[in-house]
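For reference, the chains in residue letters:
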Amino acid sequence: ESVLTQYPGSLSLSPGESATLSCRASRRVGKSLAWYQQRPGQAPSLVIYDASKRATGIPARFSGSGSGTDFTLTISSLEPEDFAVYYCQHRTNWPPGITFGQGTRLEI
Amino acid sequence: QVHLVASGGGVVQPGGSLRLSCLASGFNFSDFGMHWVRQAPGKAPQWLSYIKNDGGDRYYAESVKGRCFISRDNARNSLSLEMTNLTSDDTALYYCVPPTTSDWYGWLDPWGQGTLVTVSS
């Protein structure tokens, strides 16, 4: 299975600034990658899937890019509610498995 | 609106076992595969298991294979997870999650509120 490494581990920014979060896979995964947001005390929720598609209800300031081994989640003009932990996730079809990165904490 | 209520968590002694349940509503449960995912305090989520909509296929993470069993009852819109030989590493919040496209190829969304399992003597 592919190991996902996220960086940086934490990122301190201010509202209105842009955030760039990275996820590197140990093996090529095509575009089979998703990003999840987890706010304090809440369950994770899907933000980006298939590397670049926004999930339902996700604002346009969220964008995903990349393929193969290197992926990026960009959040432009940060809003207070965007400060959270973000995880990338990959799925392998055979053998079946799902892996998550260790997360990036985006803090004010 | 999708609603997922996980239950069965609590304090379990090391070496013990547990059976978690998830009651689903707001979607056609029998059409969807389902996942169990857990998250230890301060850690990333960890996928545990998946069951196909008809129960025909079951997948497990290597880390829990052999001591984990997933099952479902479509008549009751219910999903279950049994785990044995628990250790402190199994302490986590356990979530049941449907895939976005109803099968293995979907992403994990939405997540319920989870049920907390604490393994401690």
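Above this text sits the structure in question.
The structure contained in this document is the topic of the report that follows. Source: prediction; values computed, not measured.

Rules of the game
Counting restarts for each chain: residues are numbered from 1 in the order of the written sequence. To read the labels, note that chains go from A and ligands from 1, taken in the order they are written. Reporting in this predicted model follows two pLDDT cut-offs: at least 70 for local features of residues, and 80 or more for side-chain atom pairs to be given and counted; totals over whole chains, interfaces and linings ignore these cut-offs and use all residues. Side-chain figures throughout are based on the complete set of non-hydrogen atoms in the structure, without hydrogens or water. In this description a helix means any DSSP run of H or I spanning at least four residues, a strand means any run of E spanning at least two, and both kinds are numbered starting from the N terminus. Throughout this description, buried means an accessible area under 20% of the type-specific maximum (1.4 Å probe, protein chains only), exposed means over 50%, and partly exposed covers the range between. In what follows, residue pairs with any heavy atoms lying within 4.5 Å of each other are defined as contacts. For the accessible areas, the method is Shrake-Rupley and the probe is 1.4 Å, while residue cover comes only from the protein chains on display. A positive count includes Lys and Arg, and a negative count includes Asp and Glu. His and the chain ends are not counted in either. Charged groups are reduced to one reference atom each: NZ for lysine, CZ for arginine, CG for aspartic acid, CD for glutamic acid. DSSP-based pairing: two strands are paired if at least 2 bridges between them are found. Under this scheme, a helix contributes an axis fitted over its contacting stretch, all axes are lines through C-alpha atoms, and angles between N-to-C directions fall in the 0 to 180 degree range. By convention, the term buried area covers the 1.4 Å-probe accessible surface removed from two parts as they join, with the contributions of both added. Here a polar contact is taken to be a pair of N or O atoms separated by no more than 3.5 Å, where protein atoms must pair a possible hydrogen donor with a possible acceptor and residues adjacent in sequence count only if both atoms sit in side chains. Only Asp, Glu, Lys and Arg are considered charged in this grouping, and only Ala, Val, Leu, Ile, Met, Phe, Trp, Tyr, Cys and Pro are considered nonpolar; every other residue, Gly among them, is considered polar. Counted as salt bridges are all cases of a side-chain nitrogen of Lys or Arg within 4 Å of a carboxyl oxygen of Asp or Glu. Residue types Ala, Val, Leu, Ile, Met, Phe, Trp, Tyr and Cys, when buried and joined through side-chain atoms within 4.5 Å, form a set referred to as a nonpolar core. When two cysteine sulfur atoms are found within 2.5 Å, that pair is recorded as a disulfide.

**Description of the overall build of chain A**
Piece 1. When you go through chain A residue by residue, the secondary structure sums to zero helices and 11 strands.
Piece 2. Starting at the N terminus, the α and β elements of chain A follow one another as β-β-β-β-β-β-β-β-β-β-β.
Piece 3. C-alpha atoms of chain A, sized along the principal axes, occupy 40 × 25 × 25 Å.
Piece 4. In chain A, which comprises 108 residues, the proportion classed as buried is 49%.
Piece 5. Considering only contacts within chain A whose residues lie at least 6 apart along the sequence, 55% involve residues at least 24 apart.
Piece 6. Of the roughly 5000 Å² that chain A leaves accessible, carbon and sulfur atoms contribute 48%.
Piece 7. If you average the places of the 10 positive and of the 8 negative side-chain charges in chain A, the two averages end up 9 Å apart.

**As for the sheet that holds strand E4 (residues 34–39) of chain B**
All names here are of chain B.
Piece 1. Spatial strand order, E2-E10-E9-E4-E5-E6: six strands in an open sheet with mixed pairing. In this open sheet, the two strands that pair with only one neighbour each are strand E2 (10–12) and strand E6 (58–60). When the angles between neighbouring strand axes are averaged without regard to direction, this sheet yields 25°.
Piece 2. Here E2 runs beside strand E10 (residues 115–119); their pairing, made up of three bridges, is parallel. Across the sheet, the residue bridging to Val-12 is Val-119, located in E10.

**What to know about the interface of chain B and chain A**
Piece 1. Contact residues are listed per partner, giving 19 residues for chain B and 23 residues for chain A.
Piece 2. For the pair chain B and chain A, the summed buried surface comes to about 1600 Å²; carbon and sulfur atoms form 67% of the total.
Piece 3. Considering only the surface of chain B that becomes buried against chain A, B:Trp47, B:Trp104 and B:Trp107 emerge as the three largest contributors, covering 42% of it.
Piece 4. Counting every contact that joins chain B to chain A gives nine residue pairs in polar contact (both at pLDDT 80 or more).
Piece 5. Elements represented by at least two residues in the side of chain B that touches chain A include exactly E4 and strand E5 (45–51) of chain B.
Piece 6. Looking at the side of chain B that touches chain A residue by residue, the classes come out as 11 nonpolar, six polar and two charged.

**With respect to the pattern of salt bridges**
Piece 1. In this structure the tally under the stated criterion is nine salt bridges over all chains.
Piece 2. Between A:Asp70 and A:Arg24 there is a salt bridge, and its shortest N-O distance comes to 2.6 Å. In this pair, A:Asp70 sits in strand E8 (residues 70–75) while A:Arg24 sits in strand E3 (residues 19–25), placing the two residues 46 residues apart along the sequence.
Piece 3. On the basis of relative accessible area, A:Arg24 is assigned to the partly exposed category, the value being 42%.
Piece 4. The shortest N-O distance in the salt bridge between B:Arg76 and B:Asp73 comes to 3.2 Å.

**Looking at the nonpolar core**
Piece 1. B:Trp36, B:Leu79, B:Leu81, B:Tyr94 and B:Trp111 are the most contacted members of the largest nonpolar core, which totals 47 residues.
Piece 2. Among the elements that take part in this core, strand E9 (residues 92–97) of chain B stands out by supplying five residues, more than any other.
Piece 3. Not counting residues up to four positions away in its chain, the partners in contact with B:Leu79 are B:Leu20, B:Ser21, B:Cys22, B:Phe29, B:Met34, B:His35, B:Trp36, B:Ile51, B:Ile70, B:Ser71, B:Arg72 and B:Cys96.
Piece 4. Judged by nonpolar contacts, the second largest core, of 23 residues, contains A:Leu4, A:Ala51, A:Phe83 and A:Cys88.

**Digging into the state of the cysteines**
Piece 1. Summed over the entire model, instances satisfying the criterion amount to two disulfides over all chains.
Piece 2. The disulfide partner of A:Cys23 is A:Cys88, and the S-S distance across this bridge is 2.1 Å. The sign of the S-S torsion, about 75°, decides the handedness of the disulfide formed by A:Cys23 and A:Cys88: right-handed. Here the residue A:Cys23 occupies a position in strand E3, and A:Cys88 occupies one in strand E9 (residues 85–93), the gap between them amounting to 65 residues. Taken as a pair, A:Cys23 and A:Cys88 share a single burial class, namely buried.
Piece 3. Paired through a disulfide, B:Cys22 and B:Cys96 show a sulfur-sulfur distance of 2.0 Å. Its S-S torsion of about 60° marks the bond between B:Cys22 and B:Cys96 as right-handed, since a negative value means left-handed. Taken together, the positions of B:Cys22 in strand E3 (residues 18–25) and B:Cys96 in strand E9 put the pair 74 residues apart, joining distant regions of the chain. With respect to class, B:Cys22 is no different from B:Cys96; both count as buried.

By themselves these figures say nothing about function.
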